[in-house]
Amino acid sequence: MKKLFCLVLSAVIVLSLCVLPAAAYTDDDGAGNLVETGYDTDTEISAEGDYMCLLTDTLSLSGTAGGDVIAACMSFRSSSLTAGGSVRIAAMEAVIGAECRNITAAAMELEISEDTDCSAVYAAADTVIFRGECDSLYVSASVVYVYGTVTGVAEIDADTVYFDASCSVASAKVTSPSAPKMTDGTAAADNAALSGVLVWNDSSATVRDYIFAAAISIISALIGAMLLQLTIGQKIYDAAYDVFRRPLRCILIGLLALIAVPTAAMMLITVSTEIGMALLCIYCAAVLTALIFTGCFIGVKLFPSMNRYLASVIGATMIAVAVNIPYVKFIVSILASSAALGFWCSTAFRRRLPPSPVTEDPDFSAPSVDSQNL
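To start, this report covers the structure provided alongside it. As the structure is a computational prediction, the values presented were derived from the model and not from experiment.

A closer look at the packing of aromatic side chains
Piece 1. Enumeration over the complete set of coordinates arrives at seven aromatic pairs.
Piece 2. For the ring pair Y145 and Y147, a centre distance of 6.4 Å and an interplane angle of 15° mean the geometry is stacked.
Piece 3. Given the relative accessible area of 25%, Y145 is considered partly exposed.
Piece 4. Relative accessible area serves as the criterion here: at 25%, Y147 is assigned to the partly exposed category.
Piece 5. Relative to F297, the ring of F244 has its centre 6.1 Å away and its plane inclined at 85°; by these criteria the two rings are edge-to-face. Of the two residues, F244 sits in helix 2 (residues 207-245) while F297 sits in helix 4 (residues 273-302), which places them 53 residues apart along the sequence.
Piece 6. A relative accessible area of 2% means that F297 is categorised as buried.
Piece 7. Grouping aromatic residues by their ring pairs yields a cluster made of F244, F293, F297, F343 and W344.
Piece 8. Looking at R131, its charged tip hangs above the ring of Y147, at a distance of 4.6 Å from the centre.
Piece 9. Its guanidinium or amino end placed over the ring of F244, K301 lies 5.5 Å from that ring's centre, counting from NZ or CZ.

Here you go:
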């Protein structure tokens, strides 16, 4: 029965990731709302109500919709698009040109093109290029380029912000660790058109902020390690044995889980928001717990003769310190999360783990047998 369940679950994941995006589908619900899917879609829409396109690789849109335009895809591009409501886009890369009420977009690379005219733009991306016209602009990104016109307030939270000499901004509030610049490299504060309307809030972290954040992270790891050892101490010993015996297998399974679960959750949100959001919450909690769990079994592995609580605390502290070190924290986080998730996934449907070289007694703190093989 468990093998059948695994097979069905695998089939559902494969179906969600591979088959459904290639299945073209168009439906008018009778109320003027249009729903469409397809691998590559180039559509001039004409919908009285909302237009929705999901599970698409590449989507190019033009035309009109009386309501909202909603799309989730890998690549999105629109031009000469008119919507009576808002345009809401989730994509890896997006170029949006539309006349609408509001634009809400999340992408890795996002461009609001010159033929955009709307009340407000809400954008979250790695790189945002704004060339259109709107009343209000709200952006959270790594890098932001402003070429267009903002008749109201532009609020930008980014690592680097550039304003072009051709842009027109009535009021700009920038939160960034570096001072806003013009695209020619000069300081934006020295620009005559921006000097009176630009407010910069320096968000660069001080040494005190860094130490405080690291201290909170370490304290949380210590408390989490104690709780995990108290509740699932035997699982920590099992992981110390299983993960170090087959590290590559556990990490690969964990990486698959890291990618597949949020992807499936985003797809479920289009069907049932409650179920999709619940799965995302469980996923986030599992990833955070996985970091501490990995620290615990590393501590047990490195210090087999030490008290189990102390060993877990030391291991969790090592992980907490590592994830606060620049340039290595991303790699440590991925490997640590993958190892724990891989162990959980690989043992979820296993009747019994191989015998652990440590005792089943939860109060046993100093194993003396074959500690080197742990």
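Let's talk about the pattern of salt bridges
Piece 1. As enumerated under the stated definition, the model contains four salt bridges in all.
Piece 2. R245 is paired through a salt bridge with D242; the nearest N and O atoms lie 3.3 Å apart. Residue R245 and its partner D242 are located together in helix 2, separated by three residues, close to a single helical turn.
Piece 3. The partly exposed category is assigned to R245, whose relative accessible area is 40%.
Piece 4. Between R246 and D242 there is a salt bridge; the shortest N-O distance is 2.6 Å.
Piece 5. Residue class for R246 comes out partly exposed when judged on its relative accessible area of 25%.
Piece 6. What makes D242 buried here is its relative accessible area of 0%.
Piece 7. One salt-bridge network, in which partners are shared between bridges, spans D242, R245 and R246.

Cut-offs used in this document
- Starting from 1, residues in each chain are numbered consecutively following that chain's sequence as written.
- At least 70 in pLDDT is required for a residue's local features to be given in this predicted model, at least 80 for side-chain atom pairs to be given and counted, and no such filter applies to totals for whole chains, interfaces and linings, which use all residues.
- Computation of side-chain values: all heavy atoms of the structure, hydrogens and water removed.
- Two rings from Phe, Tyr or Trp (for Trp, the six-membered ring) form a pair when their centres sit within 6.5 Å of each other. Planes less than 30 degrees apart are called stacked, planes more than 60 degrees apart edge-to-face, and all others tilted.
- Three labels apply to residues, based on accessible area from a 1.4 Å probe with only protein chains included: buried if under 20% of the type maximum, exposed if over 50%, partly exposed otherwise in between.
- In this description a helix means any DSSP run of H or I spanning at least four residues, a strand means any run of E spanning at least two, and both kinds are numbered starting from the N terminus.
- For a lysine, the NZ atom is tested; for an arginine, the CZ atom; a charge sits over a ring if that atom is within 6 Å of the ring centre and within 35 degrees of the ring normal.
- Salt bridge, as used here: a side-chain nitrogen of Lys or Arg that lies within 4 Å of a carboxyl oxygen of Asp or Glu.

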